[in-house]
Amino acid sequence: STKLRKFFILMNKVKLYGAFSIVLLCVNIVLLWLMFSHNNPQRRREEPKKFIIEKLHFDATQVSEYEKLIKWHRENIDASDEKIKVLKEELYASLQSENQSTVADSLIQEIGKEKLHIEQVHYQHFSDIKKLCKPEQLSDFNSLSTELAKLFAPHPARNEKR
């Protein structure tokens, strides 16, 4: 009877460990799926590029020129994003100073100028893409232009939850 009891206790532990292992395996699979499918910034950058190439039916020469435009665009946006990051750090650090409102106003204006610059860069980028289009592609570009704000909205996942 005690041997039988020990056997059942051991079997319950094996079942418990087995179930726990299966749960851990499932959690790992879900985490890997999330990591590789949703939160890949490089993939997010590739999706609009691919979408635009397909939507406008770019040929190889146009794709090559478009990639140059993307490089220019990305460099300008990254530089502005970095400036904004530094300005925001200064802004919130100014909370420690005595004349914080004067400093804050100036920094907020600088952040605003940088955000304005970003929108100008975006607009120029799409204007340059339009120049790449052949006459028969312009109607596709016009159709695309109505989708641009949604396609390049910052943090689309965050906006969908609201």
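Fair warning: this is a prediction, and the values are worked out from it, not measured in the lab.

**Some words on the overall build of the protein**
Step number 1: Within the protein, the secondary structure is distributed over 7 helices and 0 strands.
Step number 2: The helix and strand sequence of the protein, counted from the amino end, reads α-α-α-α-α-α-α.
Step number 3: For the protein, buried positions account for 21% of its 162 residues.
Step number 4: Taking as baseline every contact in the protein between residues at least 6 positions apart, the subset at least 24 positions apart corresponds to 68%.
Step number 5: As displayed, the protein offers around 12600 Å² of accessible surface, 61% of which is attributable to carbon and sulfur atoms.

**Some remarks on the packing of aromatic side chains**
Step number 1: Applying the stated criterion across every chain yields a total of 1 aromatic pair.
Step number 2: Ring centres 5.8 Å apart and planes at 70° place the aromatic pair Phe-58 and Tyr-66 in the edge-to-face group.
Step number 3: We classify Tyr-66 as buried; its relative accessible area is 2%.

**Examining a nonpolar patch on the surface**
Step number 1: Taken together, the side chains of Val-23, Val-27, Val-30, Leu-31, Trp-33 and Leu-34 define a hydrophobic patch exposed on the protein surface, amounting to about 540 Å² of accessible area.
Step number 2: Among the structural elements, Val-27 can be located in helix H1 (residues 2-37).
Step number 3: What makes Val-27 partly exposed here is its relative accessible area of 41%.

**Re the pattern of salt bridges**
Step number 1: The final tally for this structure, using the stated rule, is 8 salt bridges.
Step number 2: Ionic pairing is found between Glu-147 and Lys-55, a salt bridge with its closest N-O pair at 3.2 Å. Of the two residues, Glu-147 is situated in the loop between helix H5 (138-145) and helix H6 (148-151) and Lys-55 in helix H2 (residues 41-56); the sequence distance between them amounts to 92 residues.
Step number 3: Between Asp-59 and Lys-134 there is a salt bridge whose closest N-O contact spans 2.6 Å. Here Lys-134 lies in the loop between helix H4 (100-132) and H5 and Asp-59 lies in the loop between H2 and helix H3 (60-93), a separation of 75 residues in the sequence.

**A closer look at the side chain of His-125**
Step number 1: Take His-125: it is sitting in helix H4.
Step number 2: Exposure remark for His-125: the relative accessible area of 4% places this residue in the buried category.
Step number 3: Excluding residues within four positions of it along the chain, His-125 makes contact with Tyr-66, Leu-69, Ile-70, Trp-72 and His-73.

**Focus on the nonpolar core**
Step number 1: Counting residues in hydrophobic clusters, the biggest one holds 14 residues, and the most contacted among them are Ile-52, Leu-56, Phe-58, Tyr-66, Ile-129, Phe-141 and Leu-144.
Step number 2: For this core, the elements supplying multiple residues, two or more each, are H2, H3, H4 and H5.
Step number 3: Once residues lying within four places of it in the same chain are set aside, the contact partners of Leu-144 are Phe-51, Ile-52, Lys-55 and Leu-56.

**Thoughts on a negative patch on the surface**
Step number 1: Side chains of Asp-81, Glu-82, Glu-89 and Glu-90 sit close together on the surface and give a patch of like negative charge.
Step number 2: Within the secondary structure, Asp-81 is located in helix H3.
Step number 3: Judged by relative accessible area, which is 37%, Asp-81 ranks as partly exposed.

Conventions adopted
- Residues numbered from 1 in each chain as written.
- Predicted model: local features only at pLDDT ≥ 70, side-chain atom pairs only at ≥ 80, totals over all residues.
- Heavy atoms only, no water.
- Helix = DSSP H or I, 4+ residues; strand = E, 2+ residues; numbered from the N terminus.
- Buried < 20%, exposed > 50% of the residue type's maximum accessible area, 1.4 Å probe, protein only.
- Contact = heavy atoms within 4.5 Å.
- Areas by Shrake-Rupley, 256 points an atom, 1.4 Å probe, with all protein chains shown as cover.
- Phe/Tyr/Trp six-rings, centres within 6.5 Å; stacked < 30°, edge-to-face > 60°.
- Patch = residues over 30% accessible without salt bridge, like charges linked within 9 Å, V, L, I, M, F, W, Y side chains within 5 Å.
- Salt bridge = Lys/Arg side-chain N within 4 Å of Asp/Glu carboxyl O.
- Core = buried A, V, L, I, M, F, W, Y, C linked by side-chain atoms within 4.5 Å.
- Lys, Arg positive; Asp, Glu negative; His and termini not counted.
- Charge placed at Lys NZ, Arg CZ, Asp CG, Glu CD.

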